[in-house]
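Understanding the architecture of this molecule
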Amino acid sequence: MHVRCPDRVPEVSYRKILEELTMLSPVVQALPPSAALVELKGALRFHGTDTRRLGEMLRVRTISRLSLDVRIGIGPTVTVAAIASAQVPEPGGVLAVAPARAADWLAPLPVEALHGIGPRQADALHEYGIHTVGLLAAISPVTVQRLLGGKAGRTAADRARGIDPRPVVPRALPFSATVRCTLDRHTLDGATVRAALLDLIVQLGRLLRGRGQAARALTVILRFAGGTSWEKTRRLTEPSAHDDDLRTLAYQLLDTAGLQRGRLTGIALKGEDLVDADRVAQQISLDTAREARLVAEAAMDRIRDKFGPGVIGPAAVIRRAS
């Protein structure tokens, strides 16, 4: 079961919906900020009913207890359930897709509806006349890989055929992630401040990637001598856990602070409005330099995992630590 809450649902309401889900089944995977997955196999035996009835039961509970309607998709795989919930019109309802008819149900849907397909991938498929999930399923996986790239192509080809081995993993993800540092002395030097912020960016990116999360927004918090503080939040263009994206926005936030005379004593960097990284579409990129940096980032993560976080990183961070 895939449950979609109303857009921009308050965090406290989202948590209450998660509590309702855990009363239905012990296997709940939170997908902040407004969705969740529920494994129903055990719940069917416990409640002695079918999947659609369970979905209707959940919807009645959220409306009566929380005054919130939800969109519920039920299917044999995570992909089918997620697509089904997206097809439910607002404000709410239940759409159950039987395992035997999952492929036929997927076939007429536009490729954009396939879970994980982003706008650029859809455009690439449209250029070759592939407008529906059924047409995508009819093409050989090798051809799809050529159009969308190796991993993305394999995933899209499988999901178009209703194949998705991902389990529902019980997970209550944090809604934010924060890293912070205390400066050794009251600092006025802009280069020192920027190097300290860069260190936090690297830490936050690694933390998010390790959790399998991506941030929709960043907050920079500056603490000054005398106990005052400055805080500003800005949203990313799209959710990300990559150092490049985090650094660009964090530096923009820092530039708005105007630190010509500010004596800093500490910096904090917070990734907010976190989402599961699996929900972020892997867009096709023609920027070979960016792709190379992402490959290097993954290699550095492996090195840090093996030898420790301080063995590799940006030169400004290494110099600051030494």
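See the structure above.
Rules and cut-offs
Residues numbered from 1 in each chain as written. Predicted model: local features only at pLDDT ≥ 70, side-chain atom pairs only at ≥ 80, totals over all residues. Heavy atoms only, no water. Helix = DSSP H or I, 4+ residues; strand = E, 2+ residues; numbered from the N terminus. Buried < 20%, exposed > 50% of the residue type's maximum accessible area, 1.4 Å probe, protein only. Phe/Tyr/Trp six-rings, centres within 6.5 Å; stacked < 30°, edge-to-face > 60°. Lys NZ or Arg CZ within 6 Å of the ring centre and 35° of its normal. Pairing = 2+ DSSP bridges.

Overview of unusual backbone geometry
Looking along the chain, the bond that leaves glutamate 90 and enters proline 91 is cis, with omega of 10°. One can find proline 91 in the loop between helix H4 (78–87) and strand E5 (93–96). Its identity is not glycine, yet serine 67 carries a phi of approximately 60°, on the positive side. Within the element layout of this structure, serine 67 appears in the loop between helix H3 (51–66) and strand E4 (71–74). The exposed category is assigned to serine 67, whose relative accessible area is 66%. The phi torsion at aspartate 273 lies on the positive side, around 50°, for a residue other than glycine. As for its placement among the helices and strands, aspartate 273 is situated in the loop between strand E9 (264–272) and strand E10 (275–276).

Details of the packing of aromatic side chains
Applying the stated criterion to the full structure yields zero aromatic pairs. Arginine 194 extends its terminal NZ or CZ atom over the ring of tyrosine 251, reaching a point 4.4 Å from the ring centre.

Regarding the pairing of E4
Of the two faces of E4, the one lined by Arg71 and Gly73 and the one lined by Ile72 and Ile74 are each fully buried. Strand direction decides the pairing type here: strand E1 (residues 2–4) and E4, joined by three bridges, are antiparallel. Along E4, the bridge assignment pairs valine 3 with isoleucine 72. Sheet analysis places E4 next to E5, joined by four bridges and oriented parallel. When the sheet's bridge partners are listed, arginine 71 is paired in E5 with glycine 93.

These values are about where atoms sit, not about what they do.
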